[in-house]
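Coordinate inspection notes
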Amino acid sequence: MKEQNCAKCKNLEIMPVANMCVVGCAATGKVIPHKADNGDDGRGPITITCWRIPMSCPRSDDEVQKREDKAPRKTWTTFEHQIS
């Protein structure tokens, strides 16, 4: 089955900026579509939800399902990341 979002991609980058995180792609240098909940104090952990793979993804169409809009909710991936 093709991947529906960027959560498990080896190119996924989570970069701390002030008291939040920017989620991006190391291969393209672009921010990827996502939601980040910084919690009450902004010090984490941050809950990140990835909901699609953008059309600019350099990975093969055989591996991933690229979309201009959000993938169906059942394919979203949510995980926590601790700001260091």
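About the thresholds
Residues numbered from 1 in each chain as written. Predicted model: local features only at pLDDT ≥ 70, side-chain atom pairs only at ≥ 80, totals over all residues. Heavy atoms only, no water. Helix = DSSP H or I, 4+ residues; strand = E, 2+ residues; numbered from the N terminus. Rg over C-alpha atoms; globule rule 2.2 N^0.38 Å. Buried < 20%, exposed > 50% of the residue type's maximum accessible area, 1.4 Å probe, protein only. Contact = heavy atoms within 4.5 Å. Lys, Arg positive; Asp, Glu negative; His and termini not counted. Charge placed at Lys NZ, Arg CZ, Asp CG, Glu CD. Pairing = 2+ DSSP bridges. Axes fitted to C-alpha atoms, helices over the stretch in contact; angles between N-to-C directions. Phe/Tyr/Trp six-rings, centres within 6.5 Å; stacked < 30°, edge-to-face > 60°. Lys NZ or Arg CZ within 6 Å of the ring centre and 35° of its normal. Patch = residues over 30% accessible without salt bridge, like charges linked within 9 Å, V, L, I, M, F, W, Y side chains within 5 Å. Areas by Shrake-Rupley, 256 points an atom, 1.4 Å probe, with all protein chains shown as cover. Salt bridge = Lys/Arg side-chain N within 4 Å of Asp/Glu carboxyl O.

What follows covers the overall build of the protein. Scanning the protein from terminus to terminus reveals zero helices and five strands. Each helix and strand of the protein, placed in order from N terminus to C terminus, yields the pattern β-β-β-β-β. Relative to the 2.2 N^0.38 estimate, which gives 12 Å for 84 residues, the radius of gyration of the protein is 13 Å and therefore close to what a compact globule would have. Seen through its C-alpha atoms, the protein measures out along the principal axes to roughly 40 × 25 × 20 Å. Expressed as a percentage of the 84 residues in the protein, the buried residues total 33%. Summarising the internal contacts of the protein: among those between residues at least 6 apart in sequence, 51% fall at separations of at least 24. In the protein, the 13 positive side-chain charges and the 11 negative ones have mean positions that sit 4 Å from each other.

Turning our eyes to something else, we now look at the sheet that holds strand β5 (residues 77-81). Sheets are built from strands that pair by backbone hydrogen bonding, the pairs being arranged parallel or antiparallel. Overall, antiparallel pairing links the three strands, which are arranged β3-β4-β5 in an open sheet. The open sheet terminates on both sides in strands that have one partner only, identified here as β3 (34-37) and β5. The mean inter-strand angle of the sheet, taken between neighbouring strand axes irrespective of direction, is 20 degrees. As judged from the five bridges shared by strand β4 (residues 46-50) and β5, these two strands associate in the antiparallel manner. By the bridge assignment, T49 is partnered in β5 with T78.

Attention now moves to the packing of aromatic side chains. Counting across every chain of the model gives one aromatic pair. On the basis of an interplanar angle of 50 degrees and a centroid distance of 5.5 Å, the ring pair of W51 and W76 is categorised as tilted. Of this pair, W51 sits in the loop between β4 and β5 while W76 is found in the loop between β4 and β5, placing the two residues 25 residues apart along the sequence. Above the ring of W51, the side-chain terminus of K70 is found at 4.1 Å from the ring centroid.

It is worth spelling out a nonpolar patch on the surface at this point. Together, M15, V17 and M20 make up a nonpolar patch on the protein surface, roughly 220 Å² of accessible area in all. The residue M15 is located in strand β1 (residues 12-17) in this model. Here M15 falls in the partly exposed class, since its relative accessible area comes to 31%.

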